[in-house]
Amino acid sequence: MADNIRIDSHKLIYHPDVVSRWLKGENIYPIEVEVSLSNACNHRCIFCAVDYTGYDSILMNKNILLKNLNEMYPKGLKSVIYAGEGEPLLHKDASEIINKTKEIGIDVALSTNGVLLTPEISRNCLKSLTWIRFSTAGILEDTYEKVQGAKKGDLQKVLNNMQEAVKVKKDQKLKTTIGVQLLLLPDNKDEIVQMGKELKKIGVDYFTIKPFSQHPKSQKIIKVDYSQLMGLEKEIKELETEEFKIYFRTHAMEELSYKKCYSKCLALPFMVHIDTKGDIWPCVAYVGREGFSYGNIYEKSFIEIWEGEQRKKVNEVFSKLDIEKNCREICRMNEMNKYLDELVHPGEHVNFI
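Residues numbered from 1 in each chain as written. Predicted model: local features only at pLDDT ≥ 70, side-chain atom pairs only at ≥ 80, totals over all residues. Heavy atoms only, no water.

Caption draft 1: Molecular detail of the overall build of the chain. A tally of regular secondary structure across the chain gives 13 helices and 10 strands. Whereas a compact globule of 353 residues would reach a radius of gyration of roughly 20 Å, the chain reaches 20 Å, a difference of no more than 12%. With the principal axes as the frame, the chain shows a C-alpha extent of 50 × 45 × 40 Å. When each of the 353 residues of the chain is scored for burial, the buried share is 55%. Within the chain, contacts between residues at least 6 apart in sequence are counted, and of these 73% link residues at least 24 apart. Here the chain displays about 16900 Å² of accessible surface, and carbon together with sulfur accounts for 50% of that area. (Helix = DSSP H or I, 4+ residues; strand = E, 2+ residues; numbered from the N terminus. Rg over C-alpha atoms; globule rule 2.2 N^0.38 Å. Buried < 20%, exposed > 50% of the residue type's maximum accessible area, 1.4 Å probe, protein only. Contact = heavy atoms within 4.5 Å. Areas by Shrake-Rupley, 256 points an atom, 1.4 Å probe, with all protein chains shown as cover.)

This is how it looks when you write it as structure tokens:
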């Protein structure tokens, strides 16, 4: 598998037309939207960033979502990640939503704890997914159950479901990238090599090890000294092959101790978050924060909201925010912001290429 998924970087370089229009001041539409299909979750991870949302049994309205995605696609929407506050597969229509999103012409991805990814669901919708990522906190049952807040037996279900997904990929001759993500903590640091070996045996495409980043509203306060854990990279990377990639996110771990080199979040127009209540948020770090919702797709269409006054007001507030104090230490927009900041503030010798 080619190393082309750029986990620790960004992909705006592949969308120069959209970036160019943004630089000219045009009102561009998001390239990517993250959608929460369910606010409920069958796990209680000790590192959950959105524990403050309450895990209510709220499900996304399928028809309203698909209607809006159909309208957003011609405006430039290229991808949807089904993830969000809860476990997306708790939505009974998750498979249908994934397949219909792909039918619109939009690339689709799924982030899941994997307990509910039954063989039947894999056979039904894996074909529509560009990638699927399992969030798995360890390979030993005690560790997994403690960190993931899982039920006894869930780990074995997840491993079986991974194995079945790999089988479906082979049987259906799919290109779907199957990955596993572990959030590195002192609780699971001693088993990542063992976990890597097991995942390699199962046949997933990659294993990524990422750091914890504190969400401003999360009730869980976790402090980890990653300078003591970066040495694990060498041992785990020895498992890597052309077919099984290891992404040990040293760069992201280092970013935790650095001050941001930009003062504004310029990446806001390129991606957006829709929660299960239908509210549109600039990013997941602001879900539920009063005054930061662009609007609600149950009340107005996405296009009306994107072109509306409320979004302009929120963006005006954002332009004055101290992002060091109000945003996460590292976020998915970080690398995009570095890139965009350079474009907006070029050096003096840019024509000497």
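Caption draft 2: Inspection of helix α6 (residues 154–171) at higher detail. Over its 18 residues, α6 runs 25 Å from end to end, which matches the ideal 26 Å to within 8%, given 1.5 Å per residue. Every buried residue belonging to α6 is among D154, L155, V158, L159, N161, M162, A165, V166, V168 and K169, and all of these are buried. Its buried side turned inward, α6 meets α4 (119–125), β4 (129–135), α5 (141–148), β5 (177–183) and α7 (192–202). (Expected span 1.5 Å × (residues − 1).)

Caption draft 3: Representation of the side chain of D205 in the model. Turning to its location among the elements, D205 is positioned in the loop between α7 and β6 (206–210). Within the structure, D205 has its side chain in polar contact with the side chain of K169 (distance 2.8 Å). (Polar contact = N/O pair within 3.5 Å; in protein donor to acceptor, adjacent residues only side chain to side chain.)

Caption draft 4: Structural view of the pairing of strand β3 (residues 107–112). Most of β3 is tucked away, with five of its six residues classed as buried. For strand β2 (residues 79–83) and β3, the ladder comprises four bridges, and the chain directions are parallel. What sits directly across from V80, in β3, is V108. Read from β2 through helix α3 (residues 94–104) to β3, the crossover connection turns out right-handed. (Pairing = 2+ DSSP bridges. Right-handed = clockwise from strand over helix to strand, strands pointing away.)

Caption draft 5: Inspection of the sheet that holds strand β10 (residues 295–296) at higher detail. In space, the 10 strands of this open sheet follow the order β7-β6-β5-β4-β3-β2-β1-β8-β9-β10, with mixed pairing throughout. At either end of the open sheet lies a strand with only one pairing partner, and these are β7 (245–248) and β10. Two strands pair when backbone bridges link them, and strand β9 (residues 279–281) and β10 are joined in this way by two bridges, in the antiparallel orientation. Bridged to I280 within β10 is G295.

Caption draft 6: A look at the nonpolar core. Ranked by size, the top nonpolar core spans 107 residues in total, and within it L69, Y82 and F207 carry the most contacts. The leading source of residues in this core is α6, at seven residues. Ignoring any residue separated from it by four or fewer positions in sequence, one finds Y82 in contact with V35, L37, L65, L69, P88, I97, I98, T101, V108, A109, L110 and S111. (Core = buried A, V, L, I, M, F, W, Y, C linked by side-chain atoms within 4.5 Å.)

Caption draft 7: Expanded view of the pattern of salt bridges. According to the stated counting rule, one finds 21 salt bridges in the structure shown. Taking the shortest distance from any N to any O, the salt bridge between D205 and K169 comes out at 2.8 Å. With a gap of 36 residues between them, D205 in the loop between α7 and β6 and K169 in helix α6 connect regions that are remote in the sequence. A single burial state applies to D205 and to K169, both of which are buried. Measuring nitrogen to oxygen at the nearest pair gives 3.1 Å for the salt bridge that ties K338 to E335. You can see K338 and its partner E335 sitting in helix α13 (residues 334–344), three residues apart, about one turn around the helix. Taking relative accessible area as the criterion, E335 reaches 16% and is therefore assigned buried. Through salt bridges with shared partners, a single network forms among K62, K92, D93, E96 and K100. (Salt bridge = Lys/Arg side-chain N within 4 Å of Asp/Glu carboxyl O.)

Caption draft 8: Spotlight on the pairing of β4. Of the strand pairs in this sheet, β3 and β4 are connected by five bridges, and their pairing is parallel. Residue pairing in the sheet places T112 in a bridge with F134 of β4. Where the polypeptide runs from β3 across α4 and back to β4, its parallel neighbour, the crossover connection is right-handed. Pairing geometry for β4 and β5, over five bridges, is parallel. Paired with R133 across the bridge in β5 is G179.

On their own, these measurements won't tell you what the molecule is for.
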